[in-house]
Amino acid sequence: MAKAERFVEADNAEAIITRIEHKSRKIESLLKQYKPVEALKTALEGTYAMTGDERCKSAHWIVVHRAIMAIKDVDGMLSSLDPEYYDILMKYLYRGLATGDRPTCDQCLRIHEKLTEKAGLGCILRFLTDTVNTV
Amino acid sequence: MSSTRRGNHHHHHQSPMASTLRPYLTCIRNTLDAAMCLQNFPCQEVERHNKPEVELKSSPELLLNPVLICRNEAEKCLIETSINSLRISLKVKQADELENILTKKFLRFLSMRAEAFQVLRRKPVQGYDISFLITNYHCEEMQKHKLIDFIDIDKEISELKMSVNTRGRLVATEFLKQFI
């Protein structure tokens, strides 16, 4: 996306939702090809993840959640995931942990432990202190 | 509940139910470790805010993202952080073996930081079984320091430290006894 990010207004939300739907199709395709790490990267990338209203954020969460739940080899995923994704992944893990849904919490707890080992407490600290860019 | 084992290690000697307890406690511990780093602010900032902001919520800019860590539908931990205080609330399964493990481990974790914490809150936050309020003790120490100019300050502070540690442990122990 070469366009500069604009302040989101109601009609821009539609554009974001459309992009998320496009992303969702791409992720489904990658999962069918047994590429869960690629799927997760696709889900996590794009700064617009944190823009938009609650509807956009929910739509984005659904897509990321799908990718997170498809991960079977957590160690493998973390060794191939670029560190630039650690912070955004951490934010989504906490969103997952807040749902109370047992399988989601189970998966997010597993990944959280390993991600913290890899990324350090700073990753959690950045999540705690960033009250602006929320997912 | 799915009992499919994922990941590379198996928790032998543990039932499937217990297999998420360790990651749950680890997550809480890691999150608290990070949140407590934030408690070591320079005291000149904290002295202006000497009431626990997490309780008062008087200035939104002093509050950080609250964190809810659920193990499942019935067990969760809420961590609320502010510039000078941190509140942890736990909801545990009632009359459950695991609850003892959780509260004992938790108490041990907090006791390791006995110098820096006071257990002040006795009434749990709504929806939870137990809440701890943690304030930055060292900054409180500095406040007392200002009030008692002409007394032997070192002696006063070490006595204060002793009583807070003892009181903190007593309060925590008494409170948690009801769960055992």
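Residues numbered from 1 in each chain as written. Chains lettered and ligands numbered in written order. Predicted model: local features only at pLDDT ≥ 70, side-chain atom pairs only at ≥ 80, totals over all residues. Heavy atoms only, no water.

The next point concerns unusual backbone geometry. Residue and element names in this part refer to chain A. Non-glycine residue Tyr-34 carries a positive phi angle of around 60 degrees. For Tyr-34, the location among the structural elements is in the loop between α1 (10-32) and α2 (36-44). We classify Tyr-34 as exposed; its relative accessible area is 74%. (Helix = DSSP H or I, 4+ residues; strand = E, 2+ residues; numbered from the N terminus. Buried < 20%, exposed > 50% of the residue type's maximum accessible area, 1.4 Å probe, protein only.)

Our next topic: the confidence of the model for chain B. All names here are of chain B. Within chain B, residue pLDDT values average 63, and 34% of them lie at 70 or more. Least confident of the elements in chain B is helix α2 (residues 43-46), whose mean pLDDT is 44; most confident is strand β1 (residues 67-70), at 96. Below a pLDDT of 50 lies the segment residues 1-14, which in the model reaches 19 contacts outside its immediate sequence neighbourhood of four places, other chains included. Low pLDDT, under 50, characterises residues 41-46; the predicted model gives this stretch nine contacts beyond four residues in sequence or across chains. For this predicted complex, the interface score ipTM comes out at 0.88, while the overall pTM is 0.71. (pLDDT = per-residue confidence, 0-100. Contact = heavy atoms within 4.5 Å.)

This part takes up the interface of chain B and chain A. Facing 29 residues of chain B, the contacting portion of chain A comprises 28 residues. Across the chain B to chain A interface the summed buried area is about 2500 Å²; carbon plus sulfur atoms make up 61%. On inspection of chain B and its partner chain A, the count reaches two salt bridges. Note that Glu73(B) is salt-bridged to Arg102(A), the shortest N-O span being 3.3 Å. Taken together, chain B and chain A are joined by five residue pairs in polar contact (both at pLDDT 80 or more). Counting only elements with at least two residues in the side of chain B that touches chain A, the list comes to α1 (21-37) and β1 of chain B. Taken together, the residues that form the side of chain B that touches chain A break down as 15 nonpolar, nine polar and five charged. (Buried area = accessible area lost by both parts, 1.4 Å probe. Salt bridge = Lys/Arg side-chain N within 4 Å of Asp/Glu carboxyl O. Polar contact = N/O pair within 3.5 Å; in protein donor to acceptor, adjacent residues only side chain to side chain. Nonpolar A, V, L, I, M, F, W, Y, C, P; charged D, E, K, R; others polar.)

What follows is about the state of the cysteines. On inspection of all chains with the given rule, the structure shows zero disulfides over all chains. There is no disulfide at Cys108(A), and the cysteine sulfur nearest it, in Cys105(A), is 6.8 Å away. Not part of a disulfide, Cys27(B) finds its nearest cysteine sulfur in Cys77(B), a span of 8.5 Å. (Disulfide = S-S within 2.5 Å.)

All told, the structure shown has 10 salt bridges over all chains when counted by the stated rule. A salt bridge links Arg22(B) to Glu113(A), with the shortest nitrogen-to-oxygen separation between them at 2.7 Å. Taken as a pair, Arg22(B) in helix α1 and Glu113(A) in helix α6 (residues 102-119) lie in two separate chains rather than in one. By relative accessible area, which is 12% here, Glu113(A) ends up buried.

Of all hydrophobic cores here, the largest spans 62 residues; its most connected members are Ile68(A), Met77(A), Leu89(A) and Ile69(B). Looking at this core, the element that brings in the most residues is α1(B), giving nine residues. Setting aside its immediate chain neighbours within four residues, Met77(A) contacts Val37(A), Leu40(A), Ile71(A), Leu89(A) and Ile111(A). (Core = buried A, V, L, I, M, F, W, Y, C linked by side-chain atoms within 4.5 Å.)

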